[in-house]
Amino acid sequence: MSAENVNDDIKAMSFEQALEALERIVDDLERGDVPLEQSIRIYERGEALKDHCGKLLKAAEDKVEKIRLSRDGKPAGTEPLDPE
């Protein structure tokens, strides 16, 4: 089974779920009692989780940047994220 197949579930995770899974991996690796082969596997999963979290954060940042402000700095509405 390829690493991509093993990590397919990550795509469906919310930011919070992915971050929690990543924190568990970091804890496991920091303890140092994980066999080498398993360490490599969970490290690779951690990388995939980190990338997923980064994509979700970027999407959230893009949405926040689309809020329009009036001249006095108050929210004046929003713009479509992907204008057509």
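Keep in mind it's a predicted model, so treat the numbers as computed, not measured.

Reading the values: the criteria
Residues numbered from 1 in each chain as written. Predicted model: local features only at pLDDT ≥ 70, side-chain atom pairs only at ≥ 80, totals over all residues. Heavy atoms only, no water. Helix = DSSP H or I, 4+ residues; strand = E, 2+ residues; numbered from the N terminus. Buried < 20%, exposed > 50% of the residue type's maximum accessible area, 1.4 Å probe, protein only. Contact = heavy atoms within 4.5 Å. Areas by Shrake-Rupley, 256 points an atom, 1.4 Å probe, with all protein chains shown as cover. Expected span 1.5 Å × (residues − 1). Arc of directions from axis to C-beta. Salt bridge = Lys/Arg side-chain N within 4 Å of Asp/Glu carboxyl O.

Let us look at the overall build of the chain. For the chain, the helix and strand inventory stands at 3 helices and 2 strands. Shown N-terminal to C-terminal, the secondary structure of the chain runs as helices and strands in the order α-α-α-β-β. Across the 84 residues of the chain, 17% fall into the buried class. Across the chain, every contact between residues at least 6 apart in sequence was considered, and the portion connecting residues at least 24 apart equals 49%. With an accessible surface of roughly 6,800 Å², the chain has 54% of that area assigned to carbon and sulfur atoms.

What follows concerns helix α2 (residues 15-31). Relative to the 24 Å expected for 17 residues at 1.5 Å per residue, α2 spans 24 Å between its end C-alpha atoms, a close match to the ideal helical length. Inspection of α2 places Ala18, Ala21, Leu22 and Ile25 among the buried residues, and these make up the whole buried set. Looking straight down α2, one finds its buried side chains confined to an arc of 100°; they lie on one side. In α2, the exposed residues that point more than 90 degrees away from the buried face are Glu16, Glu30 and Arg31.

Moving on, we get to the pattern of salt bridges. Side-chain pairs of opposite charge can arise where the charged atoms are in close proximity. Across all of its chains, the model carries 5 salt bridges by this definition. As a salt-bridge pair, Arg45 and Asp9 come within 2.9 Å of each other at their nearest N and O atoms. On the criterion of sequence distance, the pair formed by Arg45 in helix α3 (residues 36-65) and Asp9 in the loop between α1 (3-6) and α2 is long-range, its members being 36 residues apart. A single salt-bridge network, built from bridges that share partners, covers Asp28, Arg31 and Asp33.

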